Amino acid sequence: MHNPLPKKAWLVTLFLVSLAATPLAMTESEEAYAAARDEIWAKEQAIYKARSKGDLNYYRQNASAGYKGWPPYQEVPGGLTYLKNMADEMVGQDQEKLTMELVDFALSGKTAVIYYATHRTRMPDGEPVDQRYAIC
């Protein structure tokens, strides 16, 4: 097969194609963004893993003093007292099954918002369900 490009042009083209296919090193801010995203996502996953065993202690230990949670069955958000009561009610309810999918993440300074989707197929008491939630 005949190469229509001169050798020098062919080498430059090959270099540019390989450069385009090679991921460039992340900048410091991109690294900080990725590290924050990964750390927060790992914590969210750990909360649900413990929750599936009827244990909300990890959730409580990682909640801030100003925590507010708003489950879909509550009329208004609840704070740490609500979370403690929910933890007490979860003891022994260890049959929940769900999957999680990271959707997006936003970071501005020291403030972050994580967006993910869950699909629950079994309630903590073992009841089969088909529930999907968008979480932020």
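Every chain is numbered on its own, with residues counted from 1 as its sequence reads. With pLDDT at 70 or above as the cut-off, local features in this predicted model cover only qualifying residues; side-chain atom pairs require 80 or more to be listed or tallied, and sums for whole chains, interfaces and linings still use all residues. Note that water and hydrogens are dropped before the side-chain values are worked out from all heavy atoms of the structure.

Draft legend 1. The overall build of the protein chain, seen in detail. In this description a helix means any DSSP run of H or I spanning at least four residues, a strand means any run of E spanning at least two, and both kinds are numbered starting from the N terminus. Along its length, the protein chain carries four helices and three strands. When its helices and strands are written in sequence order, the protein chain yields α-α-α-α-β-β-β. The buried share among the 136 residues of the protein chain stands at 21%. Sequence separation of 24 or more characterises 43% of the internal contacts of the protein chain that already satisfy a separation of 6 or more. Each accessible area is a Shrake-Rupley estimate made with a 1.4 Å probe; only the visible protein chains count as cover when residues are assessed. Accessible surface computed for the protein chain: about 10,100 Å², of which carbon and sulfur atoms make up 57%. Whether a residue is buried, partly exposed or exposed follows from its accessible area with a 1.4 Å probe, protein chains only, as a fraction of its type maximum: under 20%, in between, or over 50%, in that order. Contact definition: two residues touch when any of their heavy atoms are within 4.5 Å.

Draft legend 2. The pattern of salt bridges, seen in detail. A side-chain nitrogen of Lys or Arg and a carboxyl oxygen of Asp or Glu constitute a salt bridge if their distance falls within 4 Å. Enumeration according to the criterion identifies four salt bridges in this entry. A salt bridge links Arg-37 to Asp-38; its shortest N-O distance comes to 3.0 Å. Of the charged contacts, one joins Glu-96 and Arg-51 as a salt bridge, the two residues approaching to 2.7 Å between their closest N and O atoms. Residue Glu-96 is located in the loop between helix 4 (80-90) and strand 1 (97-108), and its partner Arg-51 is located in helix 2 (residues 28-51); the two are separated by 45 residues in the primary sequence. With a relative accessible area of 3%, Glu-96 lands in the buried category.

Draft legend 3. Looking closely at the environment of Gln-93. Among the structural elements, Gln-93 can be located in the loop between helix 4 and strand 1. On the basis of relative accessible area, Gln-93 is assigned to the partly exposed category, the value being 30%. The spatial distance from the C-alpha of Gln-93 to the C-alpha of Ser-52 is 7.8 Å, given a sequence separation of 41 residues. Residue contacts for Gln-93: discarding those within four places in its chain leaves Arg-51, Ser-52, Lys-53, Gly-54, Pro-124 and Asp-125. We define a polar contact as two N or O atoms separated by no more than 3.5 Å, with the added condition that, inside protein, one atom must be a possible hydrogen donor and the other a possible acceptor, whereas residues neighbouring each other in sequence contribute only through side-chain atom pairs. A distance of 3.5 Å separates a polar side-chain atom of Gln-93 from the backbone nitrogen of Asp-125.

Draft legend 4. Highlighting helix 4. Within helix 4 the residues assigned to the buried category are Tyr-82, Leu-83, Met-86, Ala-87 and Met-90. The arc that holds the buried residues of helix 4, viewed along the axis, is 140°, so those residues lie on one side. In helix 4, the exposed positions angled more than 90 degrees off the buried face are occupied by Thr-81 and Glu-89. After helix 4 finishes, the residue Gly-92 shows a positive phi value of roughly 85°. Working definition: the arc comes from the directions between the helix axis and the C-beta atoms, pointing outward to the latter.

Draft legend 5. View of the pairing of strand 1. By this definition, two strands are paired if DSSP reports at least two bridges between them. Two elements, strand 1 and strand 2 (residues 111-122), share eleven bridges in a ladder whose sense is antiparallel. What sits directly across from Leu-98, in strand 2, is Arg-120. In textbook terms, the turn of a hairpin is the stretch between consecutive antiparallel strands, and for strand 1 and strand 2 this stretch comprises two residues, one of which, Gly-109, has a positive phi near 65°.

Draft legend 6. Region of interest: the packing of aromatic side chains. Here the aromatic set is Phe, Tyr and Trp, taking the six-membered ring for Trp, and pairing holds for ring centres within 6.5 Å; pairs whose planes are under 30 degrees apart are stacked, those over 60 apart are edge-to-face, and all others are tilted. For the structure on display, the rule yields four aromatic pairs. Geometrically, the ring pair formed by Tyr-33 and Phe-105 is edge-to-face, given 5.3 Å between the ring centres and 75° between the ring planes. Of this pair, Tyr-33 sits in helix 2 while Phe-105 sits in strand 1, placing them 72 residues apart in sequence. Residue classification places Tyr-33 among the partly exposed positions, given a relative accessible area of 30%. Residue class for Phe-105 comes out buried when judged on its relative accessible area of 5%.

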